[in-house]
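Coordinate analysis (summary)
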Amino acid sequence: MISLVSAGKVLWVLHVVAWYALRRPFDRRARKVNLKVDRRKGADTARLAVSLAGLGIIPAIYVMTDQPRFASYPASSTLFLLGIASGILSLIMFRLTHKALGKMWSVSLQLKQDHKLITTGIYKYLRHPMYTAFWLMALTQALLLPNYVAGLAGIVGFGYLFFSRIGPEEAMLQEAFGEEYSRYRARTWRVLPYVY
């Protein structure tokens, strides 16, 4: 019988594969659209690298090698089940955001030619639901991988990206869309309804 630790590792890998499968078609389409604003170089590239380390590299090392062993703790069936639930929710949110954004989606601080402010679908309620999906992804990692370093690396890595990027991203959108964005901000939450 497979242990909870092994099952958590398998589910984490499947979660990452599902995330990639959902994103790939949108990434291919988005690359074909010309950019009007591109602020990926420099600080945003560093942010993405830190996030990748926390959400991908560090947990992958743990999944393949059990390292760092000193940071492991006994697996919990409650945390495992919560991890499954948050993983499913993160993928649903991830899909909803990509579907709503379509060609306007970008991995970084970029605006497309003829960029439109998306305010429909999940964006009717949240300005940054993609970040909501990534917070849920980081939570899923923490719940499925019983290792303080590997499990929490996603929260730390993505947290760095989020808190250092959200201000510049909103400033870029405010600059691009002016009063339209101000009205949109006034009627929506950033990433979590009734909280933030």
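Preceding this paragraph is the structure being described.
Since we're looking at a predicted model, the values are computed, not measured.

Quick notes on the rules
Residues numbered from 1 in each chain as written. Predicted model: local features only at pLDDT ≥ 70, side-chain atom pairs only at ≥ 80, totals over all residues. Heavy atoms only, no water. Helix = DSSP H or I, 4+ residues; strand = E, 2+ residues; numbered from the N terminus. Rg over C-alpha atoms; globule rule 2.2 N^0.38 Å. Buried < 20%, exposed > 50% of the residue type's maximum accessible area, 1.4 Å probe, protein only. Contact = heavy atoms within 4.5 Å. Areas by Shrake-Rupley, 256 points an atom, 1.4 Å probe, with all protein chains shown as cover. Phe/Tyr/Trp six-rings, centres within 6.5 Å; stacked < 30°, edge-to-face > 60°. Axes fitted to C-alpha atoms, helices over the stretch in contact; angles between N-to-C directions. Parallel < 35°, antiparallel > 145°, perpendicular 65-115°, else oblique. Left-handed = near helix turned anticlockwise from the far one by under 90°. Polar contact = N/O pair within 3.5 Å; in protein donor to acceptor, adjacent residues only side chain to side chain. Salt bridge = Lys/Arg side-chain N within 4 Å of Asp/Glu carboxyl O. Patch = residues over 30% accessible without salt bridge, like charges linked within 9 Å, V, L, I, M, F, W, Y side chains within 5 Å. Lys, Arg positive; Asp, Glu negative; His and termini not counted. Charge placed at Lys NZ, Arg CZ, Asp CG, Glu CD.

**Topic: the overall build of the chain**
Secondary structure assignment for the chain yields five helices and two strands. Walking the chain from its N terminus toward its C terminus, one meets helices and strands in the order α-β-α-α-β-α-α. In terms of overall size, the chain behaves like a compact globule, its C-alpha atoms giving a radius of gyration of 18 Å where 196 residues would be expected to give roughly 16 Å. A burial count over the chain gives 45% of its 196 residues as buried. Taking all contacts inside the chain whose residues are at least 6 apart in sequence as the whole, residues at least 24 apart take part in 83%. Looking at the chain as shown, the accessible area adds up to about 10,500 Å², and 66% of this sits on carbon and sulfur atoms.

**Points about the packing of aromatic side chains**
To describe a pair of aromatic rings, one takes the distance between the centres and the angle between the planes. All told, the structure shown has 14 aromatic pairs when counted by the stated rule. When the ring of Trp135 is compared with that of Phe158, the centres are 5.0 Å apart and the planes differ by 85°; the resulting orientation is edge-to-face. Placement of Trp135 in helix α4 (residues 129–144) and of Phe158 in helix α5 (residues 148–187) is noted, with a sequence separation of 23 residues between them. Classification of Trp135 as partly exposed rests on a relative accessible area of 24%. Look at Phe158 and you get buried, because its relative accessible area is 2%.

**With respect to the packing of helix α2 (residues 43–65) against α4**
Two quantities define a packed helix pair, namely the angle between the helix axes and the distance between the axes. α4 packs onto α2 with a crossing angle of 20° between their chain directions and a minimal axis gap of 11 Å. It follows from the interaxial angle that α2 and α4 lie roughly parallel. When you trace α2 past α4, the crossing you get is left-handed. Contacts between α2 and α4 involve Gly54, Leu55 and Pro59 on the former and, on the latter, Phe134, Ala138 and Gln141.

**Structural notes on the side chain of Asp44**
Among the secondary structure elements, Asp44 is positioned in helix α2. Looking at Asp44, the relative accessible area reads 1%, which means it is buried. Within the structure, Asp44 has its side chain in polar contact with the side chain of Arg165 (distance 2.9 Å).

**Remarks on the pattern of salt bridges**
As enumerated under the stated definition, the model contains six salt bridges in all. Where Glu170 meets Arg185, a salt bridge forms, and the shortest distance between an N and an O atom there is 3.6 Å. The closest approach of N and O atoms between Arg190 and Glu170, which form a salt bridge, is 3.1 Å. Of this pair, Arg190 sits in the segment after α5 while Glu170 sits in helix α5, and the two are 20 residues apart along the sequence. The two residues Arg190 and Glu170 agree in class, both being buried. In this structure, a network of salt bridges that share partners links the residues Arg127, Glu170, Arg185 and Arg190.

**Quick look at the environment of Gly8**
Within the secondary structure, Gly8 is located in helix α1 (residues 4–30). Judged by its relative accessible area of 0%, Gly8 falls in the buried class. Measuring from C-alpha to C-alpha, the distance between Gly8 and Pro146 comes to 8.2 Å, with 138 residues separating the pair along the chain. Beyond its immediate chain neighbours, meaning those up to four positions away, Gly8 contacts Phe80, Leu144 and Leu145.

**So, a nonpolar patch on the surface**
Residues Phe163, Trp189, Leu192, Tyr194, Val195 and Tyr196 make up a contiguous nonpolar surface patch of about 710 Å² in total accessible area. As for its placement among the helices and strands, Trp189 is situated in the segment after α5.

**Considerations on a positive patch on the surface**
Residues Arg28, Arg29, Arg95, Lys99 and Lys103 make up a contiguous surface patch of positive charge. For the positive patch, the secondary structure elements donating two or more residues are α1 and α3 (77–101). Note on placement: Arg29 falls in helix α1.

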